[in-house]
Amino acid sequence: MSVFIILFRGVGGATQLPTKPLREALTAAGFENVSTYINSGNAVLKSRISREKTIASVADICKRGFGFDKDIYAITPAEWSELIVANPFPEATAVPKFLHAAVLAVRPDEAKVEALQAFAGKGERIAVVGKVAYLHTPEGFGTSKLAVKFDKGIGVPNTARNWNTVLKLMDLAEKAEVE
């Protein structure tokens, strides 16, 4: 069995994915050790099927049960651990709500990353490592022009989590592996 961290793109605001019903639906579908974390599109589960089939099954459950029809990412604990270790801004973890990791569907064009740099305010940084973009916005993500421009500017499908969530999902994934 494999553990996957499931990230749902675009949850929040008008798009809701209620955690308790989602947990119940995933468990009823045969996934094990299902947990969810805050109402922003995060789950951890243990699956007997491949990553691709897990994504397809979760997507079907979400579409039928919740009307959710957006991108879903499934990341292994080993991949998530690599995401944590590869953080190019380790000092930014001191205030984890100002550091974000965005999982990218594919590597973006370097020119797009460079263009985003132009929107970086005082102390703000962006770096792409593999298929993860790291954004450090020390004055706040919600007030950052870089953060506002990131989603469209990066030019590839993605979903971002702040560092608090990154670490909590790693903790949940580790627990799911041993249970």
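The rules behind these values
- Residues numbered from 1 in each chain as written.
- Predicted model: local features only at pLDDT ≥ 70, side-chain atom pairs only at ≥ 80, totals over all residues.
- Heavy atoms only, no water.
- Helix = DSSP H or I, 4+ residues; strand = E, 2+ residues; numbered from the N terminus.
- Rg over C-alpha atoms; globule rule 2.2 N^0.38 Å.
- Buried < 20%, exposed > 50% of the residue type's maximum accessible area, 1.4 Å probe, protein only.
- Contact = heavy atoms within 4.5 Å.
- Areas by Shrake-Rupley, 256 points an atom, 1.4 Å probe, with all protein chains shown as cover.
- Pairing = 2+ DSSP bridges.
- Axes fitted to C-alpha atoms, helices over the stretch in contact; angles between N-to-C directions.
- Core = buried A, V, L, I, M, F, W, Y, C linked by side-chain atoms within 4.5 Å.
- Phe/Tyr/Trp six-rings, centres within 6.5 Å; stacked < 30°, edge-to-face > 60°.
- Salt bridge = Lys/Arg side-chain N within 4 Å of Asp/Glu carboxyl O.

S.K.: Where do I start with the overall build of the chain in this structure?
M.R.: Looking only at helices and strands, the chain has six helices and eight strands in total. The C-alpha radius of gyration of the chain comes to 16 Å, within 12% of the 16 Å expected for a compact globule of 179 residues. Overall, the chain is about 50 × 30 × 25 Å in size when its C-alpha atoms are taken along their principal axes. Residues classed as buried in the chain amount to 42% of the 179 residues present. Contacts in the chain between residues far apart in sequence, at least 24 positions, make up 72% of those at least 6 positions apart. Per element, the accessible surface of the chain, about 8800 Å² overall, is 53% carbon and sulfur.

S.K.: Got a minute to help me understand the sheet that holds strand β3 (residues 42–47) in this structure?
M.R.: Each strand in a sheet pairs with its neighbour through backbone hydrogen bonds, running either in the same direction (parallel) or in the opposite one (antiparallel). A sheet is described by the order of its strands in space; here four strands give the open sequence β2-β3-β1-β4, paired in antiparallel fashion. With one partner strand each, in any of the chains shown, β2 (32–36) and β4 (72–75) form the two edges of the open sheet. Adjacent strand axes in the sheet meet at a mean angle of 20°, parallel and antiparallel pairs treated alike. Judged from the six bridges that link them, strand β1 (residues 2–8) and β3 form a sheet pairing that is antiparallel. Looking at the pairing, I5 lines up with V44 of β3. Strand contacts of helix α3 (residues 77–85): β1 and β4, with the helix running at about 90° to β4, the strand carrying the most contacts. Helix α6 (residues 163–178) rests against β1, β2 and β3 of the sheet, and its axis sits at about 20° to β3.

S.K.: Sorry, what's going on with the nonpolar core here?
M.R.: The nonpolar side chains of soluble globular proteins are, as a tendency, buried together. Core analysis: the largest hydrophobic core is formed by 23 residues, its most contacted members being L7, V44, W80 and L83. Per element, the largest residue contribution to this core is seven residues, and it comes from α6. In terms of nonpolar packing, the next biggest core, distinct from the first, is built from 17 residues, V11, L22, F31 and V58 among them.

S.K.: Explanation requested: the pairing of strand β6 (residues 125–129) in the structure shown.
M.R.: Alignment of β6 against strand β7 (residues 132–136), held across five bridges, turns out to be antiparallel. In the strand pairing of β7, A127 is matched with Y134.

S.K.: Sorry, what's going on with the packing of aromatic side chains here?
M.R.: Centre-to-centre distance and the angle between the planes together describe a pair of aromatic rings. Using the criterion set out here, one finds two aromatic pairs in the structure. Between the aromatic rings of F8 and F68, the centroid separation amounts to 5.7 Å while the plane-to-plane angle is 85°, which identifies the pairing as edge-to-face. Placement of F8 in strand β1 and of F68 in the loop between α2 (51–66) and β4 is noted, with a sequence separation of 60 residues between them. According to the relative accessible area criterion, F8 is buried, its value standing at 1%. On the basis of relative accessible area, F68 is assigned to the buried category, the value being 3%. Ring plane angle 50° and centroid distance 6.5 Å describe the contact between Y134 and W163, whose orientation is recorded as tilted.

S.K.: So what exactly am I meant to see when it comes to the pattern of salt bridges here?
M.R.: Where side chains of opposite charge bring their charged atoms close, a pairing between them can arise. Evaluation of the coordinates by the stated rule reveals nine salt bridges. R125 is the salt-bridge partner of E91, the closest N and O atoms lying 2.6 Å from each other. One end of the pair, E91, is in the loop between α3 and β5 (99–104); the other, R125, is in strand β6, with 34 residues separating them in the sequence. E91 gets classed as partly exposed once you look at its relative accessible area, which sits at 48%. The salt bridge involving K175 is made with D171; its shortest N-O contact spans 3.2 Å. Taken together, the positions of K175 and D171, both in helix α6 and four residues apart, correspond to about one turn of that helix. Here the salt bridges share partners, and the residues they tie into one network are K168, D171 and K175.

Fair warning: the whole summary comes from geometry, so function is off the table for now.
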